[in-house]
Amino acid sequence: MIQVSSYEIDLSFNDLSYSGKVRINLSTDEDVILDSVNHEISSVTSSGTPLKFSREGDKVRVYTGKFSGTLEISFSGKVDEEGIQGIYKAPYQGGYMISTQFEANYARRFIPCIDDPSKKAKFSIKVQVDKDKDVISNMPIKEVIDQGDRKTVVFHETPKMSTYLLYLGIGNFDEIKEDFRFPIVLATTPGKSVRGKFSLDIAKKSVEFYERYFSIPYQLPKMHLIAVPEFSAGAMENWGAITFREIALLADDKTPFSRKRRIAVTVAHELAHQWFGDLVTMKWWDDLWLNESFATFMSHKAMDEIRKDWDLFGYFLSIETSEAMERDSLFTHPIHVPVKTPEEIEEIFDEISYGKGASILRMIERYVGEENFRKGVSEYLRKFSYSNAQASDLWTSISNVSGKDVNSIMEEWIMNEGYPVLKVKREGSKVRISQERFSLIDAKDRVYKVPVKALVDGNEVDFLMDERERTIEGNKVKLNLDRTGFYRVFYDDVDSFFETDPNPMERWGLVNDYFAFLMKGMIGQDEYLSLVKRMEKEEHHLPAGEVASQLFLLYTINPKRWSVAKDVLSKYAERWKDKDSEVDRQLYASLVDSLSYIDESFASTVAPMFEKMDSMIPEMKDAVTLAYSVAGGEKAHERLMTLYKESNFDEEKLRYLRGMLASHKPCLVANALNMALSGEVKKQDIPFMIIWGSMFNESRDVTWEWFKAHMERISRFYQGTPRMGVIIENILPFVGLTHSDAVDVAEGVKEGKTFVEVGKQKLELYKKLF
């Protein structure tokens, strides 16, 4: 048994090399095993006495025997110039910064340490750098020691925290600050902080919300939001020094609503982690899901209070719940899974850990009541502050407050994979409800414990359905009110559903369910299109957007079979063109985007708007850029490429990149793809290029051939992560429709195997719709 109390880190950086010492205060009953990757360790001492050590792969054994005291490890390391994990070089036009990304187990690439989330410790950091460099870490700067053309930056000691939450950033930063009870600082590379005010405002309001909700103040004396120019994740909750991709943090008045909403949710997500994940941390990675699902749920809850007009829980359904239900009906795993190896950790950063977990929390909140849920969470955070906990500890707290048996329900949902479909059948004056597991592949059936919210002849009824079948008295029955339950509903008579005056979330749920039933073969194309026809007069953005999204996907699978997409999307576009709320404008823009790809003549009517990009409503920018590319051919392509190279912000760069990949001319698509290997496209953005190119019908073939030719090189960028598997999951269902070699190539991917398996299963489903 080993206990770590503190780390004292003293390093000197020279360009992309560093050396120094780390002192680890610990006690152990046996030899100390350190995690260490790519370090040259010159000595290990204790109180000046050398200790014997040996390297065993990525482990270093220090022969201490039973020991209590301080180990001093002298070592050197290098900043990674190719990968984007551990400590790495993040280049930008005109320079670079050094940044870190340690989740899940990459702190061992920075310093020799005991890289285990349960081994919380305090960290003191001292860093020597060139005098013109800025340094950011988790805590405020304690002092700066001038050393001529060099300087040493000393930081205050952190509270007890896990190694994966440590942060170090070195470079030249622009900073803007929000005055608050403590400083909230947004840092960017030079010239970009001008787009930081939006996120600062969201951060301040989110902290205010969480402090009220949890009844616990933010625990550190400052907070940094740091825009990193090259970043493997979307964002990372390092305590007090949160990192983001630039596109996940920076926005201004000309940023489209969809991007601003995504940024706001991301900021709120990472801030939720400052309590749930940082203050209280899981004991081991098998409870990673609780960290991520809770932050996902709470970020939407926070933003729903901050911006009621943004329909955050409609957005939650369309992004988190929908994607989780699709994934959980394919090659899946329980929310809670045993984790033993680093590779297994990376494989569970998926829709189950984020979206399904968050959706189950929403279901449980509805079951116990909002206030009981809040009090239970607050009790849990207070009890386990600065330490580690398990998911069962949270269920116990909520059960204690609510008086309901949350433990048994949650154990049922997190330890078992999948979810049910509840089938509703009218039988005279009664309704029979039965359940079975819903899966798009062959899967073992089971009975679930389902907290059901129902409307029976106009009256709300709650019950826990833990049997295969039950009968209730009533004529008109609607299940899954407000779509809070993680299950699908199949009505033997859809008319009965519409007779209950369903709200937009419930209409969204029906459309989402019946698309899944189409995929499974429970209904045919005619029955599905009959429902689509019924939804043509829909007036709310949420269900209308779901129909539009489904039809565009079907069109990309087979334009001839699903040509109805153009007609329905056109009708929606005509109805939405004059609506002026942000959510409605965004739907209109997405309709124009899809129609511009489907119909070149339509794109030609939209393309001239490209000359007025600075004055148009922000929501239209992506759609107009795509239309300009589709209609403009080579001339438009050359202009977009020039604009891409001249742009300084990722928001514009990705817009132009996507536009180029939407071209209907394969030679132009190939030209854009080649930028990925010239150094002009960030490593973090290459997967987007491959996925976009594979989804678009006209660019699919050339993208696949290009990807095959460069797979080996691309895979090196993401070594040690499942990113290649994620790419395959997204492109295989499309390229596999017309390329017989696709599955064989996909199976050759070495990392992210579970994602590859999901891609293979999606391909089989898409073939049925082809």
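Details of the structure are given in the entry above.
Residues numbered from 1 in each chain as written. Predicted model: local features only at pLDDT ≥ 70, side-chain atom pairs only at ≥ 80, totals over all residues. Heavy atoms only, no water.

(A) Spotlight on the overall build of the chain. Check the secondary structure of the chain and you find 24 helices and 29 strands. Relative to the globule expectation of 27 Å for 770 residues, the C-alpha radius of gyration of the chain, 27 Å, shows essentially globular dimensions. Its C-alpha atoms put the chain at 85 × 65 × 50 Å along the principal axes. Here the chain holds 770 residues, and 61% of them are scored as buried. For the chain, long-range pairs separated by at least 24 residues make up 69% of all intrachain contacts whose partners lie at least 6 apart in sequence. As displayed, the chain offers around 28300 Å² of accessible surface, 47% of which is attributable to carbon and sulfur atoms. (Helix = DSSP H or I, 4+ residues; strand = E, 2+ residues; numbered from the N terminus. Rg over C-alpha atoms; globule rule 2.2 N^0.38 Å. Buried < 20%, exposed > 50% of the residue type's maximum accessible area, 1.4 Å probe, protein only. Contact = heavy atoms within 4.5 Å. Areas by Shrake-Rupley, 256 points an atom, 1.4 Å probe, with all protein chains shown as cover.)

(B) Local environment of the sheet that holds strand E4 (residues 40-46). Strand order in the open sheet made by the eight strands is E5-E4-E8-E2-E1-E11-E14-E13, with mixed pairing throughout. The strands lining the two open edges of the sheet, one partner per strand, are strand E5 (49-50) and strand E13 (141-147). Two elements, strand E1 (residues 2-14) and strand E2 (residues 17-28), share twelve bridges in a ladder whose sense is antiparallel. Bridge pairing in E2 places Leu 11 opposite Gly 20. (Pairing = 2+ DSSP bridges.)

(C) Molecular detail of the packing of aromatic side chains. Counting across every chain of the model gives 44 aromatic pairs. Between the aromatic rings of Tyr 210 and Phe 214, the centroid separation amounts to 5.6 Å while the plane-to-plane angle is 10°, which identifies the pairing as stacked. One end of the pair is Tyr 210 and the other is Phe 214, both in helix H1 (residues 197-214) and four residues apart, which spans about a single turn. Comparing Tyr 210 with Phe 214 shows no difference in burial state: the two are buried. (Phe/Tyr/Trp six-rings, centres within 6.5 Å; stacked < 30°, edge-to-face > 60°.)

(D) Region of the structure containing the sheet that holds strand E27 (residues 469-473). Read from one edge of the open sheet, four strands run E27-E24-E23-E29, paired in mixed fashion. Here the strands that pair on one side only, and so sit at the sheet edges, are E27 and strand E29 (488-491). Sheet twist, expressed as the average angle between the axes of neighbouring strands with direction ignored, equals 25°. Helix-sheet contacts for helix H11 (residues 504-520) involve strand E23 (419-427), strand E24 (430-438) and E29, and the interaxial angle to E29 is about 80°. (Axes fitted to C-alpha atoms, helices over the stretch in contact; angles between N-to-C directions.)

(E) Spatial organisation of the environment of Ala 623. Its place among the elements puts Ala 623 in helix H17 (residues 621-646). When the C-alpha atoms of Ala 623 and Phe 610 are compared, they prove to be 9.6 Å apart, with 13 residues separating the residues in sequence. In this structure, Ala 623 is in contact with Ala 589, Val 592, Asp 593 and Ser 596, ignoring residues within four places of it in sequence.

(F) The arrangement of the packing of helix H21 (residues 700-717) against helix H22 (residues 723-735) in detail. Axis separation between H21 and H22 bottoms out at 12 Å; the angle between their running directions is 160°. Between H21 and H22, the crossing angle belongs to the class labelled roughly antiparallel. Note on packing geometry: the crossing formed by H21 with H22 is left-handed. Taking contact as the criterion, the partners of Arg 700, Trp 704, Phe 707, Met 711, Ile 714 and Ser 715 in H21 are, on H22, Met 724, Ile 727, Ile 728, Ile 731, Phe 734 and Val 735. (Parallel < 35°, antiparallel > 145°, perpendicular 65-115°, else oblique. Left-handed = near helix turned anticlockwise from the far one by under 90°.)

(G) Local environment of the pairing of strand E17 (residues 184-188). The element E17 is largely enclosed, with a buried count of five among its five residues. Where burial is concerned, the two faces of E17 agree: the one with Ile 184, Leu 186 and Thr 188 and the one with Val 185 and Ala 187 are both buried. One ladder, built from five bridges, connects strand E16 (residues 174-178) with E17; its direction is antiparallel. When the sheet's bridge partners are listed, Ile 176 is paired in E17 with Leu 186. If you look at the hairpin formed by E16 and E17, you'll find five residues sitting between the two strands.

(H) Structural view of the packing of helix H8 (residues 391-402) against helix H9 (residues 406-415). Direction vectors running N to C along H8 and H9 enclose 145°, while the axes themselves pass 8 Å from each other. As H8 runs across H9, the sense of the crossing is right-handed. Between H8 and H9, the contacting residues are Ser 392, Trp 395, Thr 396, Ile 398, Ser 399 and Ser 402 on the first element and Val 406, Asn 407, Met 410, Glu 411 and Ile 414 on the second. Class assignment for the residues of the contact of H8 with H9 results in five nonpolar, five polar and one charged. (Nonpolar A, V, L, I, M, F, W, Y, C, P; charged D, E, K, R; others polar.)

(I) Geometry of the pattern of salt bridges. Under the criterion given, the structure shown has 65 salt bridges. In this structure, the salt-bridge partner of Asp 146 is Lys 131, at a minimum N-O distance of 3.3 Å. In this pair, Asp 146 sits in strand E13 while Lys 131 sits in the loop between strand E11 (122-130) and strand E12 (134-137), placing the two residues 15 residues apart along the sequence. Residue classification places Asp 146 among the exposed positions, given a relative accessible area of 53%. Among the ionic pairs, Glu 351 bridges to Arg 327, the shortest N-O distance being 3.4 Å. Of this pair, Glu 351 sits in the loop between helix H5 (342-347) and helix H6 (352-368) while Arg 327 is found in helix H4 (residues 312-328), placing the two residues 24 residues apart along the sequence. With a relative accessible area of 22%, Glu 351 lands in the partly exposed category. When salt bridges with common partners are traced through the structure, they connect Arg 195, Asp 252, Asp 622, Glu 651, Glu 652 and Arg 655 into a single cluster. (Salt bridge = Lys/Arg side-chain N within 4 Å of Asp/Glu carboxyl O.)

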